[in-house]
Amino acid sequence: MQEPSVEQIYQKKTQLEHILIRPDTYIGSVEMTTNTLWVLSENEEHFESRQIEFVPGLYKIFDEIIVNAADNYQRDNSMDTIKVKIDEEKNFISVWNNGKGIPVQIHNEYKIYVPELIFGHLLSGLFFFLS
């Protein structure tokens, strides 16, 4: 078998290619794992420590969505509610808060809708200084 060339071993990737090839660098493992964590009991009356199976990378993405929903309070301190809906039958998770929303308008500089900019492009988001 022939040794791989330097060009095959060392390559430059776009940011998106790098994320897709090495997701663990950004979100953690994408492999199913078993760990002991505090979770809501079956009757939803208390938390209990038990062993569960989960994908850490998926957990990290969910955590980031919840943190972003909570961070909205920084822009709108009248926000006082976050709702999370998990529908196992339809296979979706919805996160909602009652704070100020993201404007659905074309960004003058980038010529795309603001939600597309912040959710569809790497290294973009909300950047401002709180007064």
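Predicted model only: the values in this text are computed from it and were never measured. (Residues numbered from 1 in each chain as written. Predicted model: local features only at pLDDT ≥ 70, side-chain atom pairs only at ≥ 80, totals over all residues. Heavy atoms only, no water.)

A.B. asks: Explain the layout of surface pockets here, please?
C.D. replies: If a probe as big as a water molecule is rolled over the atoms, it shows which places are left empty. Of the pockets and cavities examined, the largest pocket occupies roughly 1,500 Å³. Taken together, 36 residues line the largest pocket, and the ones lying closest to its centre are E64, N68, I118, F119 and S124. With 7 residues, helix α4 (residues 56–71) is the single largest residue contributor to the lining of the largest pocket. Tallied by class, residues from the lining of the largest pocket come to 21 nonpolar, 10 polar and 5 charged. Put simply, the second largest pocket is a space of about 1,200 Å³. (1 Å grid on protein atoms, 1.4 Å probe; cavity = no way out; pocket = protein on both sides within 12 Å on 5 of 7 lines; lining within 4 Å. Points joined across faces, edges and corners; volume = space filled by probe spheres on them. Helix = DSSP H or I, 4+ residues; strand = E, 2+ residues; numbered from the N terminus. Nonpolar A, V, L, I, M, F, W, Y, C, P; charged D, E, K, R; others polar.)

A.B. asks: Hey, could you run me through the pattern of salt bridges in this one?
C.D. replies: Any two side chains of opposite charge can pair if their charged atoms end up close together. A complete count under the given rule lists 2 salt bridges for this structure. Between R50 and E42 there is a salt bridge; the shortest N-O distance is 3.6 Å. Taking relative accessible area as the criterion, R50 reaches 27% and is therefore assigned partly exposed. A salt bridge links E48 to R50, with the nearest nitrogen and oxygen atoms 2.6 Å apart. You can call E48 partly exposed: its relative accessible area is 25%. Where salt bridges share partners, they join E42, E48 and R50 into one cluster. (Salt bridge = Lys/Arg side-chain N within 4 Å of Asp/Glu carboxyl O. Buried < 20%, exposed > 50% of the residue type's maximum accessible area, 1.4 Å probe, protein only.)

A.B. asks: Sorry, what's going on with a nonpolar patch on the surface here?
C.D. replies: On the surface, L16, L20, L122 and L123 cluster together into a nonpolar patch covering about 460 Å² of accessible area. Assignment of secondary structure puts L123 in the segment after α5 (114–120). For L123, a relative accessible area of 72% gives the class exposed. (Patch = residues over 30% accessible without salt bridge, like charges linked within 9 Å, V, L, I, M, F, W, Y side chains within 5 Å. Areas by Shrake-Rupley, 256 points an atom, 1.4 Å probe, with all protein chains shown as cover.)

A.B. asks: What is the right way to look at the confidence of the model for the protein in this model?
C.D. replies: Atom-level detail of predicted coordinates should not be read off regions where pLDDT is low. Looking at the protein, the pLDDT average stands at 90 and 95% of residues meet or exceed 70. When pLDDT is averaged over each element of the protein, strand β2 (residues 47–54) comes out on top at 96 and α5 at the bottom at 88. (pLDDT = per-residue confidence, 0-100.)

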